[in-house]
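# Chains, contacts and geometry: an overview
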Amino acid sequence: MLNTLIRRLIQMIFVMFGISVIVFLIFFATPGSDPSARIAGRNASPEVLAAVRKDFGFDRPLYVQYGLMMKKLLITFDLTSFQNRGQKVIPQLVEATPVTLSLVIGGAVLWVIGGIAVGLAAAATRNSVIDRGLMILGLIGISMPVFWLGEVLNLITQSRFHDTWMFSWVPALGYKPLLESPWEWFKTMLIPWISLAILYIGLYGRVLRASLIEAGEEDYIRTARSKGLTETRVMLRHALRTSLITFVTLFGLDFGDLVGGGALLTEVVFGLQGVGKLTYDALRSLDLPVILASVIYASFFVVGANFVVDMAYAILDPRVRGR
Amino acid sequence: MAASETLIRTTEPVGAQRRPAAGPWATAFRKLVRDRAAMAALFVFILIVIGCSFASYYASSIAHTLPFSSNLDGTITIDGQDQPIIEESTEGLGLGTTPIGPTWNWRTYFLGADEQGRDVMARMLYGGLNSLWIASASTVLCLLLAGVIGVTAGFFGGIVDGVLSRIMDVIWAFPIFLLAISLSIVLINSSINIGPIVIRGGSLWLPIFIIGIVYVPYVARPIRGQVLSLKNSEFVLAAVGLGVPSHRILWKDILPNVATTLIVFVPLMMALNMVTESALSFLSIGVQPPDASWGTIIQDGQNLLYSRPMVALAPGIAIAVTVLTLNVFGDGVRDALDPRSKLRIGGD
């Protein structure tokens, strides 16, 4: 177990290093234009350019530049945005994180409940009209672009049906902090959660159905049935339990991915000032330091999350430990 | 010997032609053709492709419109009355303008106009062409790269595998949108020169290149795993034992099996790439104006969402329907070629 842990830890650090090198190469070493101009943004004065060049060491060898970049990001935390009048980037990121977490955690609760419900219902009524209908709905959910779905929900709840009893409770777009008023927070987040969750409900419902049906052909399920257990009990206590291993792995990966940038589109559509929206705004104003910081932090988060998932998996499934 | 020959002869029905057993490809094809859902999906998909390929005919001969240049002062005639394409707003302070809504008339502004007075229907067709082209080309690029990398890593093993697999690990762990954003922000406004290949800023090749690369590990990893297990399968071990040279094993035993997997991936990756392209274009780092794709039209419609929702709704419906047909067809292809397969793709 300890061996696996150490090996995975080394692998994680290697992947983080690899990502930081790729980011460095993309931002600072792609030919085409002067990297200090990229950092300083549009219409920067020659003095600013010179300062950036010196600050990031663009007149020194590549490995020094890489070291300086990492130092600014991970040790001194003093990366500044030149577009935004010298504002420090990393506190901005820290401030935006709770918004992203609110969005993704709430969405995750919805999609886990929805995914399990859809998967169980479809597997229990296999090949019936209900099963077919659920699977088609799931496919439609997977096929819609999430930002478009968000816009459609906005159109319905903010404009077309806002004045009816159904959606008059929906507040204007934007984020309300959880600690200030939990009820307002819940009301503003509910529609974004639904919009985020629909894709994953479709996806997880399909995956769970397939793995439940597969489990249904295993010997231990036949044993459970022949003991005379009810179909419900076989489904919930025996089949679902093993199928959940796949489910948990997928969940960990998707959750990490969403916090690390995947929720960007949803944040943009619903005007939630999370990490993704911050990155998007920086993209529009070509504010490279913000993008640099959010890309590095978010991808490190994803790598860390994957590591946790792997470890959890090793604890859940003894066969993995030996390898 | 003689006895068994007569036995074989007698088991054949008299007068029947000896028919060779159907090969795996023919079997799979027949299974696919019998899959009604997959065939219906393919039919709708082909209709969409054909419809979009009439883009320039529609714009020039039916709607008589220029889909790439703005038309702020134009007027059209509806029921004998001239109407401006961009109307002055009558609400609030009277500032701002509203483009004309859907006329539901095939000949002019069927789906209305966007903020620049361009015919949304004509742009939808052109945008569809771009979306379809980017999705297909990036799929081909992705599968080619992934095939080469996966087969090389799995077949040669050792240090080659080590290096390739670590690179795949890194790209895999990179959140897709962030990688795409990083690449786009640096590349989108500057041209790239790689030897004789020159890609100008705003070229469609940029999104193709970006989308093609970000999903490579997605496909390369399962391919590598498949090659590894093929290498240890009995028929390959037997071939090795017989002294068959390794390039022949690669060509005759490994590649045909890998090809099936790659084919299973084609429609599903196309669906995924199409959604990714629309997302990148929506974030304005995909297709660049004045060029259009379904994603950029949704972006154009964002400001008009509450006043002229059709601008954003129509391209989204087009994406959803196209991706749905690709997913349904892809499920059919997977069931036909690889019924026990665990290959599964989710949109993102």
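The residue numbers shown here count from 1 along each chain, following its written sequence. Written order determines the labels here, with chains lettered from A and ligands numbered from 1. Restriction of local features to residues with pLDDT of at least 70 applies here, the model being predicted, together with a cutoff of 80 or more for giving and counting side-chain atom pairs; totals for whole chains, interfaces and linings are based on all residues.

## Considering the overall build of chain A
Counted only if it meets this: Put simply, DSSP marks the helices as runs of H or I at least four residues long and the strands as runs of E at least two long, and each gets a number from the N terminus on. Residue burial here comes from a neighbour count, namely the number of other C-beta atoms, placed from the backbone, that lie within 10 Å of the residue's own C-beta, with 20 or more meaning buried, 12 or fewer meaning exposed, and in between meaning partly exposed. The contact criterion used here is simple: two residues whose C-beta atoms, placed from the backbone, lie within 7 Å are in contact.
Scanning chain A from N- to C-terminus turns up 14 helices and two strands. Sorting the 323 residues of chain A into buried and exposed places 38% on the buried side. Put simply, of all contacts in chain A between residues at least 6 apart along the chain, 68% involve residues at least 24 apart.

## Details of the overall build of chain B
Looking only at helices and strands, chain B features 13 helices and six strands. Considering only residue pairs separated by 6 or more positions, chain B has 69% of its internal contacts joining residues 24 or more positions apart.

## A short note on the packing of helix α6 (residues 158–173) of chain B against helix α9 (residues 216–231) of chain B
All names here are of chain B. What counts is decided by this rule: Every axis in this analysis is a line fitted to C-alpha atoms, fitted for helices over the stretch in contact. Angles between the N-to-C directions lie between 0 and 180 degrees. To sort the angles, those under 35 degrees are grouped as roughly parallel, those over 145 as roughly antiparallel, those from 65 to 115 as roughly perpendicular, and the leftovers as oblique. Definitions for this section: a left-handed crossing has its near helix turned counterclockwise from the far helix by less than a right angle. A right-handed crossing has that turn clockwise.
Where α6 meets α9, the closest approach of the two axes is 9 Å, and the angle between their N-to-C directions is 140°. One way to sum up the angle between α6 and α9 is to call them oblique. Crossing of α6 against α9: the hand is left-handed. Counted together, Met-168, Ile-171 and Trp-172 of α6 and Val-216, Pro-217, Ala-220 and Arg-221 of α9 form the full contact between these two elements.

## As for the nonpolar core
To be explicit about the condition: Remark: nonpolar core denotes a set of buried Ala, Val, Leu, Ile, Met, Phe, Trp, Tyr and Cys residues whose joining runs through C-beta atoms within 7 Å.
Counting residues in each nonpolar core, the largest one holds 171 residues, and the members touching the most others are Ile291(A), Ala293(A), Ala180(B), Val219(B) and Met269(B). When residues of this core are assigned to their parent elements, the largest contribution, 16 residues, is made by helix α5 (residues 120–156) of chain B. The contact partners of Ala293(A), leaving out residues within four places of it in the chain, are Leu73(A), Leu79(A), Val89(A), Ile90(A) and Leu93(A).

## A short note on helix α1 (residues 2–28) of chain A
Stated precisely, the cut-off is as follows: Multiplying 1.5 Å by the helix residue count minus one yields the expected span of that helix.
Across its 27 residues, α1(A) extends 38 Å between first and last C-alpha, which sits within 8% of the 39 Å expected from 1.5 Å per residue. Those residues of α1(A) that fall on the buried side of the exposure criterion are Val15(A), Ile19(A), Ser20(A), Val23(A), Phe27(A) and Phe28(A).

## Quick look at the interface of chain A and chain B
Taken together, the 43 residues of chain A in the interface contact 37 residues of chain B. Counting residues per element, the ones that place at least two in the side of chain A that touches chain B are α1, α6 (129–143), α7 (146–160), α8 (182–215), α10 (231–262), α11 (264–270), α12 (275–284) and α13 (288–316) of chain A. Per-element tally for the side of chain A that touches chain B: the top contributor is α1(A), with eight residues.

## Brief notes about unusual backbone geometry
With omega at 5°, the peptide bond leading from Pro289(B) into Pro290(B) counts as cis. Following the sequence through the fold, Pro290(B) ends up in the loop between α11 (246–282) and α12 (294–300). The residue Asn127(A) is not glycine, and still its phi comes out positive at about 65°. Looking at Asn127(A), the number of C-beta atoms within 10 Å reads 9, which means it is exposed. The backbone phi angle of Ser284(B) is positive, close to 60°, even though this residue is not glycine. Examined against the element boundaries, Ser284(B) turns out to sit in the loop between α11 and α12. C-beta crowding within 10 Å serves as the criterion here: with 17 such atoms nearby, Ser284(B) is assigned to the partly exposed category.

## Overview of the environment of Phe147(A)
As for its placement among the helices and strands, Phe147(A) is situated in helix α7. As a C-alpha pair, Phe147(A) and Tyr204(A) span 57 residues in sequence and 20 Å in three-dimensional space. If sequence neighbours within four positions are ignored, Phe147(A) has contacts with Leu265(A), Val268(A), Val269(A), Ala279(B) and Phe282(B).

## So, the packing of α5(B) against helix α13 (residues 310–337) of chain B
Residues and elements named next belong to chain B. What counts here: Classes in brief: Ala, Val, Leu, Ile, Met, Phe, Trp, Tyr, Cys and Pro nonpolar; Asp, Glu, Lys and Arg charged; the others, Gly included, polar.
It is the contact of α5 with α13, at a shortest axis distance of 11 Å, that shows an interaxial angle of 30°. Classified by the angle between their axes, α5 and α13 sit roughly parallel to one another. The way α5 lies across α13 gives a crossing that is right-handed. Residue-level inspection shows Val-120, Met-124, Gly-127 and Gly-128 of α5 in contact with α13, the latter providing Val-311, Ala-314, Pro-315 and Ala-318. For the contact of α5 with α13, the residue count by class is six nonpolar, two polar and no charged.

## A short note on the environment of Pro256(B)
Summarising the element assignment, Pro256(B) is placed in helix α11. Residues Pro256(B) and Phe110(B), spaced 146 residues apart in sequence, show a C-alpha to C-alpha distance of 48 Å.

## Overview of the confidence of the model for chain B
Residues and elements named next belong to chain B. Filter applied, for reference: Every residue is assigned a pLDDT by the predictor, reflecting its confidence on a scale from 0 to 100.
On average, residues of chain B score 82 in pLDDT, and 84% of them reach the 70 mark or higher. Segment residues 1–10: pLDDT under 50, and zero contacts once partners within four positions in sequence are set aside and those in other chains are kept. The low-confidence segment residues 342–348 (pLDDT under 50) makes 19 contacts with residues lying over four places distant or belonging to another chain. As scored by the predictor, the complex reaches a pTM of 0.86 and an ipTM of 0.87.

## Focus: the environment of Arg233(A)
Along the chain, Arg233(A) turns up in helix α10. The spatial distance from the C-alpha of Arg233(A) to the C-alpha of Phe301(A) is 39 Å, given a sequence separation of 68 residues.

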